[in-house]
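Listed below are the residues making up each chain.
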Amino acid sequence: MKPQQVFVAYDGVGAPEEANYCLVCGSSLVDSQHGGRMRRGCESCGYIRYRNVAGGVSMLVVEDRRVLLCRRRANVFQGGKWCLPCGYIEYDEDFLTAAMRETEEETGLRVEVVSILSVCSNFLSPDVHTLVAVLLARKTGGEERPGNDEIDALRWCSPDEPLPPMAFASDEHIIARYFATRFEGAPVQKMS
């Protein structure tokens, strides 16, 4: 199975820029060329508003040839569909710590990150673009339970059963590729 790292879930362009005022001095932002692109910038102090993708993590938690899935609550993006434990990386944490935190928040399980399986660009909607590190993990403890305000059910899935409706094409691809190849990925540093 061939690797894939770019997933586009919609047709069209990104959401329009919403920032109208400078975060530094409060002056109005204007559209102008910066670095070969139209960007919003401040003529008073020189601040340039860059729109960057959000950094995230996704965990393929494996046990006995099965992977752990989370069902997203009805009131969140892609509600009612299933995904790997995942989430955004907070500004003050590294991606490995974020992966362990998100997994425990969503599943109640503590995990050890084993390896990096992939990195994916996800164009999910005009206003949600992410760059996600996909990690292989094994549980080390905790009590399995759906957690936080985004997840309402958990399910272990084996390679001989069909996946439920999935929220993200990247998750579906990673699971299928793992079941087909048992690719273990690149090792990561051990975190405490």
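Counting from 1, residues in each chain are numbered in the order their sequence is written. Thresholds applied to this predicted model are a pLDDT of at least 70 for local features of residues and 80 or more for the giving and counting of side-chain atom pairs; totals over whole chains, interfaces and linings are not thresholded and use all residues. Hydrogens and water are ignored here; the side-chain numbers use all heavy atoms of the structure.

Caption draft 1: Quick look at the overall build of the chain. When you go through the chain residue by residue, the secondary structure sums to two helices and twelve strands. Scanning the chain from its N terminus toward the C terminus, one meets helices and strands in the order β-β-β-β-β-β-β-β-α-β-β-β-α-β. Counting only C-alpha atoms and orienting by the principal axes, one finds that the chain spans roughly 60 × 35 × 35 Å. Here's how the labels work: a residue is buried when its accessible area is under 20% of the maximum for its type, exposed when over 50%, partly exposed in between, all with a 1.4 Å probe on protein chains only. The burial tally for the chain puts 41% of its 192 residues in the buried class. Put simply, 65% of the contacts in the chain that link residues at least 6 apart link residues at least 24 apart. To be clear on the numbers: accessible area is Shrake-Rupley with a 1.4 Å probe, and residue cover counts the displayed protein chains and nothing else. As presented, the chain carries roughly 10700 Å² of accessible surface, and 50% of it is formed by carbon and sulfur atoms. Within the chain, the 27 negative side-chain charges are centred at a point lying 4 Å from the centre of the 21 positive side-chain charges. Runs of H or I in DSSP of at least four residues are treated as helices and runs of E of at least two as strands, each being numbered from the N terminus. It only takes one pair of heavy atoms within 4.5 Å for two residues to be counted as in contact. Only four residue types enter the charge count: Lys and Arg as positive, Asp and Glu as negative, with His and the chain ends excluded. The atoms used to mark charge sites are NZ of Lys, CZ of Arg, CG of Asp and CD of Glu.

Caption draft 2: Structural detail: a nonpolar patch on the surface. Nonpolar side chains collect at one region of the surface, where V53, V119 and L131 lie side by side and expose about 230 Å² of accessible area between them. Along the chain, V119 falls in strand β9 (residues 109-125). Owing to a relative accessible area of 41%, V119 belongs among the partly exposed residues under this scheme. Patches here are clusters of residues that have more than 30% relative accessible area and form no salt bridge, with a 9 Å joining cutoff for like charges and a 5 Å cutoff for nonpolar side chains (Val, Leu, Ile, Met, Phe, Trp, Tyr). A carboxyl oxygen of Asp or Glu within 4 Å of a side-chain nitrogen of Lys or Arg is what we treat as a salt bridge.

Caption draft 3: The arrangement of unusual backbone geometry in detail. Despite not being glycine, D64 shows a phi value in the positive range, around 50 degrees. Take D64: it is sitting in the loop between β5 (54-63) and β6 (66-72). The backbone of N148 sits at a positive phi, close to 50 degrees, despite the residue not being glycine. Topologically, N148 is positioned in the loop between β10 (128-142) and β11 (151-157).

Caption draft 4: Representation of the packing of aromatic side chains in the model. The aromatic pairing rule takes the rings of Phe, Tyr and Trp, using the six-membered ring of Trp, and pairs them if the centres are within 6.5 Å, calling planes under 30 degrees apart stacked, those over 60 edge-to-face and the rest tilted. Under the definition given, this model contains two aromatic pairs. Between F77 and F168, the ring centres sit 6.4 Å apart and the planes meet at 20 degrees, which makes this aromatic pair stacked. One end of the pair, F77, is in the loop between β6 and β7 (82-83); the other, F168, is in the loop between β11 and α2 (169-181), and 91 residues separate them in sequence. Residue classification places F77 among the partly exposed residues on the basis of a relative accessible area of 34%. With a centroid separation of 6.4 Å and an interplanar angle of 50 degrees, the aromatic rings of Y178 and F179 are classed as tilted.

Caption draft 5: Broad picture of α2. In this analysis, the expected span of each helix is defined as 1.5 Å times one less than the number of residues it contains. With 13 residues, α2 extends 18 Å from end C-alpha to end C-alpha; this agrees with the ideal 18 Å at 1.5 Å per step. Immediately downstream of α2, the backbone of R182 shows phi near 55 degrees, a positive value.

Caption draft 6: Summary view of the pairing of strand β3 (residues 37-42). In this structure, strand β2 (residues 29-34) lies alongside β3, joined through six bridges in antiparallel fashion. In the strand pairing of β3, L29 is matched with C42. A pair of strands is treated as paired once DSSP finds two or more bridges between them. Linkage of β2 to β3, two consecutive antiparallel strands, is achieved through a turn of two residues, within which G35 is found at a positive phi near 60 degrees. Pairing geometry for β3 and strand β4 (residues 48-49), over two bridges, is antiparallel. Residue R40 lies in a different strand from β4, and its bridge partner there is R49. Counting the residues in the hairpin turn of β3 and β4 gives five residues, including G46, whose phi is positive at 90 degrees.

Caption draft 7: The arrangement of the nonpolar core in detail. Counting 24 residues, the largest nonpolar core has M59, V61 and V113 as the members making the most contacts within it. Of all the elements in the fold, those that place two or more residues in this core are β5, β6, α1 (95-107), β9, β10 and β11. In contact with M59, other than residues within four places in its own chain, are L84, P85, A99, T103, V111, V113, L135 and A137. In this structure, F7, L69, W82 and C157 belong to the second largest nonpolar core, which totals 20 residues. Nonpolar core, defined: a set of buried Ala, Val, Leu, Ile, Met, Phe, Trp, Tyr and Cys residues in which side-chain atoms within 4.5 Å join the residues together.

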